[in-house]
Amino acid sequence: MEMTEKIEKRNIADLIDEIGSSPTCLSILLFIAALGQNSISCVIVYMTEFIGTVPKFYCLSDRCETLTTQYDAVGKSVSDVICKDNLTENKDFLFDKNTTSYILDFNLYCDPSKASLLASCIFLGSLVSIVVGMYVFDAVGRRRGAAVCAMCSVFATFLGTFCNSYTYLIVIRIVQGIALYASFNGCYVWILEFIPSKYRIYYNTYSMLMWCAGYPILILTAYFIRDWRYLHLAISIISLLITVPLLLLPDSPRFLLSVGKIAEAKRVLKQYAKYMNKSVELEGAVLYDPNTDSKNSTLRQRVLSFFEHKAMLVETVVLIWGWLNASLLYYGLNYGWSSFGDSPYLNYTYVAIGETAAYIVLIALTRILGRKMGVIASFGGAALCFLIGMIEWQWTEVWNLERMVSLVAVVMISMSYALIYLYTGEVAPTSHRGGIFSACNISGLAAFLGPFLSTVSEDHKVRLGLCAALAGSVSVLFLLEPETRDKPIPEKPSEVLQRRKNQKLRPACLYE
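So, how was this worked out
Chains are numbered independently. Their residues run from 1 in the order of the written sequence. Given that the model is predicted, a residue must reach a pLDDT of at least 70 before its local features are reported, and side-chain atom pairs must reach 80 or more before they are shown or counted; all residues, however, enter totals for whole chains, interfaces and linings. Just so you know, side-chain values use all the structure's heavy atoms and leave hydrogens and water out. Strands are runs of DSSP state E lasting at least two residues, helices are runs of H or I lasting at least four, and both sets are numbered from the N terminus onward. Computation of the radius of gyration draws on C-alpha atoms, with the globule rule given as 2.2 Å multiplied by the number of residues to the power 0.38. Note on exposure labels: buried denotes an accessible area under 20% of the residue type's maximum, exposed denotes more than 50%, and partly exposed covers the range between, all computed with a 1.4 Å probe on protein chains only. The accessible surface values rely on the Shrake-Rupley method and a 1.4 Å probe; as for residues, cover is taken only from the protein chains in view. We count Lys and Arg on the positive side and Asp and Glu on the negative side, and we leave His and both chain ends out. Where a charge sits is defined by one atom per residue type, namely NZ (Lys), CZ (Arg), CG (Asp) or CD (Glu). Aromatic contacts are taken between Phe, Tyr and Trp rings whose centres are within 6.5 Å, Trp giving its six-membered ring; a plane angle under 30 degrees counts as stacked, one over 60 as edge-to-face, and the others as tilted. To count as a disulfide, a pair of cysteine sulfur atoms needs to be within 2.5 Å. Helix span, as expected, comes to 1.5 Å for every residue beyond the first. The arc under discussion is defined with respect to the helix axis, by the directions toward the C-beta atoms. We call two residues in contact when some of their heavy atoms are within 4.5 Å. Polar contacts here mean pairs of N or O atoms no more than 3.5 Å apart (in protein, one a potential hydrogen donor and the other a potential acceptor; neighbouring residues in sequence count only if both atoms are side-chain atoms). Salt bridges are counted wherever a side-chain nitrogen of Lys or Arg sits within 4 Å of a carboxyl oxygen of Asp or Glu. All axes here are fitted lines through C-alpha atoms, helices being fitted over the stretch that makes contact, and every angle between N-to-C directions spans 0 to 180 degrees. Any angle between 65 and 115 degrees counts as roughly perpendicular, while under 35 counts as roughly parallel, over 145 as roughly antiparallel, and the rest as oblique. Crossing handedness follows the turn of the near helix against the far one: under a right angle anticlockwise gives a left-handed crossing, and clockwise gives a right-handed one. Each nonpolar core is a collection of buried residues, namely Ala, Val, Leu, Ile, Met, Phe, Trp, Tyr and Cys, held together in the definition by side-chain atoms within 4.5 Å. Confidence scores labelled pLDDT are given residue by residue by the predictor and lie between 0 and 100. To count toward a patch, a residue needs a relative accessible area above 30% and no salt bridge. Like charges then connect within 9 Å, nonpolar side chains (Val, Leu, Ile, Met, Phe, Trp, Tyr) within 5 Å. Basically, the charged four are Asp, Glu, Lys and Arg, the nonpolar ten are Ala, Val, Leu, Ile, Met, Phe, Trp, Tyr, Cys and Pro, and anything else, Gly included, counts as polar.

> Any chance you could break down the overall build of the protein for me, citing the residues and the numbers?
On a plain count of helices and strands, the protein comes out with 24 helices and 4 strands. The C-alpha atoms of the protein give a radius of gyration of 25 Å, which matches the 24 Å a tight globule of 512 residues would have. Reported as C-alpha extents along the three principal axes, the dimensions of the protein are approximately 110 × 50 × 40 Å. Each of the 512 residues in the protein was classed as buried or not, and the buried ones make up 54%. Split by element, the accessible area of the protein, about 23400 Å² in all, is 64% carbon and sulfur. Charge separation in the protein, taken as the distance between the mean sites of 44 positive and 42 negative side-chain charges, equals 6 Å.

> I'd like a description of the packing of aromatic side chains, backed by residues and values.
For the structure shown, the criterion picks out 31 aromatic pairs. Note on Y46 and Y348: the rings are 5.5 Å apart at their centroids and 45° apart in plane angle, and the pair reads as tilted. Note that Y46 is positioned in helix α3 (residues 36-46) and Y348 in helix α19 (residues 344-388), a separation of 302 residues in sequence. Residues Y46 and Y348 agree in their burial class; the two are buried. Aromatic pair W323 and Y421: ring centres 5.1 Å apart, planes at 45°, arrangement tilted.

> Report on the state of the cysteines, specifying residues and quantitative values.
In this structure the tally under the stated criterion is 1 disulfide. The disulfide that involves C59 links it to C64, with 2.2 Å between the sulfurs. Disulfide C59 to C64: torsion about the S-S bond roughly -60°, handedness left-handed. A residue is classified by how much of its surface remains accessible, and C64, at 0% relative accessible area, is buried.

> An account of helix α23 (residues 460-477) is requested, with residue identities and associated values reported.
Because the α-helix completes a turn every 3.6 residues, residues three or four places apart line up on one side. For α23, with 18 residues, the first-to-last C-alpha span of 26 Å sits near the 26 Å given by 1.5 Å per residue. Those residues of α23 lying buried are H460, R463, L464, C467, A468, L470, A471, V474 and S475. Taken end-on, α23 shows its buried residues confined to a sector of 165°, consistent with a single buried face. Contacts made by the buried residues of α23 are with α18 (310-334), α19 and α20 (401-427). Where α23 starts, the residue carrying a side-chain oxygen 2.9 Å from the main-chain nitrogen of K461 turns out to be D459.

> Residues and numbers for the pattern of salt bridges, please.
If you walk through the whole model with that rule in mind, you get 7 salt bridges. The shortest N-O distance in the salt bridge between E315 and R499 comes to 3.0 Å. Placement of E315 in helix α18 and of R499 in helix α24 (residues 493-502) is noted, with a sequence separation of 184 residues between them. With respect to burial, E315 and R499 carry one shared label: buried. Each of E315, R499 and R500 takes part in salt bridges that share partners, so that together they form one network.

> Please provide a residue-by-residue account of the packing of α3 against helix α13 (residues 228-248), values included.
Two elements in contact, α3 and α13, have axes separated by 9 Å at closest approach and are oriented at 160°. The orientation of α3 relative to α13 falls into the category roughly antiparallel. Crossing of α3 over α13 shows left-handed handedness. Contact residues: α3 offers G36, Q37, I40, V43 and I44, while α13 offers I235, I238, S239, I242, T243 and L246.

> An account of the nonpolar core is needed here, citing residue identities and associated values.
Ranked by size, the top nonpolar core spans 132 residues in total, and within it V45, Y46, Y215 and Y331 carry the most contacts. Discounting chain neighbours no more than four positions away, the residues touching Y46 are W211, Y215, L218, Y330, Y331, N334, Y335 and Y348.

> If you had to explain the confidence of the model for the protein to someone new, which residues and values would you point to?
Across the protein, pLDDT averages 82, with 90% of residues at or above 70. Mean pLDDT per element in the protein: helix α16 (residues 292-295) is the minimum at 52, and α23 is the maximum at 93.

> Explain the side chain of S120 to me, and be specific about the residues and the numbers.
Mapping S120 onto the fold places it in helix α8 (residues 112-120). Note on S120: relative accessible area 0%, which makes it buried. The contacts of S120, once residues within four sequence positions are left out, are F448, P451 and F452.

> Any details on the environment of Y330? Residues and values, ideally.
For Y330, the position within the fold is in helix α18. Looking at Y330, the relative accessible area reads 4%, which means it is buried. Note: C-alpha distance between Y330 and Y417 (87 residues apart in sequence) is 7.7 Å. In this view, Y330 contacts Y46, W211, Y215, E355, Y359, I413, S414 and Y417; residues no more than four positions away in its chain are not counted. Side chain to side chain, Y330 and W211 meet in a polar contact 3.0 Å long. One polar contact links Y330 to E355, side chain to side chain, over a distance of 2.8 Å.

> Pulling in residues and values, what's your account of the environment of G133?
When you line up the elements, G133 lands in helix α9 (residues 122-140). G133 sits 55 residues away from Y188 along the chain, and the two C-alpha atoms are 12 Å apart.

> An account of a nonpolar patch on the surface is needed here, citing residue identities and associated values.
A cluster of nonpolar side chains, namely M151, L240, V244, L247 and L248, defines an oily patch on the protein surface of about 450 Å² accessible area. The element that contributes the greatest number of residues to the nonpolar patch is α13, accounting for 4 residues. In this structure, L247 sits in helix α13. Owing to a relative accessible area of 47%, L247 belongs among the partly exposed residues under this scheme.

> Hey, could you go over the packing of α3 against helix α11 (residues 166-192) for me, with residue numbers and the actual values?
Angle between the axes and distance between the axes: these two values describe a pair of packed helices. Here α3 crosses α11 at 160°, and the two axes come no closer than 9 Å. Between α3 and α11, the angle is such that the two are roughly antiparallel. Between α3 and α11 lies a crossing of left-handed hand. Counting all contacts with α3, which are made through Q37, N38, I40, S41, I44 and V45, the residues of α11 involved are R173, Q176, L180, Y181, S183, F184 and C187. Taken together, the residues of the contact of α3 with α11 sort by class into 7 nonpolar, 5 polar and 1 charged.

This is the structure we're talking about:
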């Protein structure tokens, strides 16, 4: 009688949930090491706010003294005093050059739009990183792809040490954006493919807290290194040290399985189990990914399915609108602190405290309100802050009601930014999740416009009114979205429609 050996089939998603069900200190440390790219992303994104500020100046002429007094009375800036009245450096005034600035080196202090462009062009690179990431991560893997991109970012930052022109610095910022955001997203996907689904909200919080860890790194480095070229050198060295763990960590077992490296995928899973103080027997087992079929559908089929399933199309459009406004308001606020005065060291210390508080509160907020209502509450709270900030009330030279409520708005927008990222992963069907995330990444355009938000109008009421309208519109439109907390994630578009019916969402025309 011929004996046949039964082959055990193991679902890799269930296997990862089983292995990672009880995280250990070692596994958490490994994930934190990979999240270092979040910290350095924060450093590089905001470093222009420290190396591109207009320094203080000292009047040498009576005309300068008179104009400064007049402009201070109406809250005008340094550039208004110097540029609009054609004051001459070394004759009418003298800059404090204890801290170097590319604004002075490239004579940009009378052209703030060029300074804003230099800050924001990193987000043009982030748009290109979507395409770069899709190719690199599928070609060489999540971890290797993230490591390659991180090294490119290190090299681009190092080149800033030798920068001698505005155009050269623009190119460096764009390359930084391409490499940095590709690395950032690669690490996010890498960890997501190791984390059990029930822990993703905590990972999302850790991820954002590691972003906040970049603020003290930047503040302290910029405080002790006041030459902007040497600051590029210092940050490139820090970036290199933070990138080292990516060169040592294993690749994602899901990626390895998708490219047919079965033996290596099993080896990584066994290593992962060892870190979790567990044992797993995979000898003779056949691994499979339940999402393989959805990944094999063509791009054309996935795009056309949006028009076949109106519910999924409407939910995706609302998501994109939420992402656009989260990016615009987040970077608009965080690139606008210099307009209040004070030093960037203090301004970004306040931001770091506010954002850290936001990400800690986020877990409690989602537990109490859920994902959908959390997004509505955070955007609605931000809209209310902007409306309150329109009231005129100044109690010191640098502190007024607008600045105070803007700090509260940063907390609200930071929560919405983190929450909408998590919500997208849960609301999108498995078959279309990658495409929906890619579509939402058009928010890089809004991030590019963010630094220009402070230049929309000289009247702060106009700026704040616009911000309130944008944040409020997201809150209203999200009433159309479903709740995802403790709900099964749909695998295909038809399940999106069924979810809406189960939750009795409107409008009813989407049920057709």
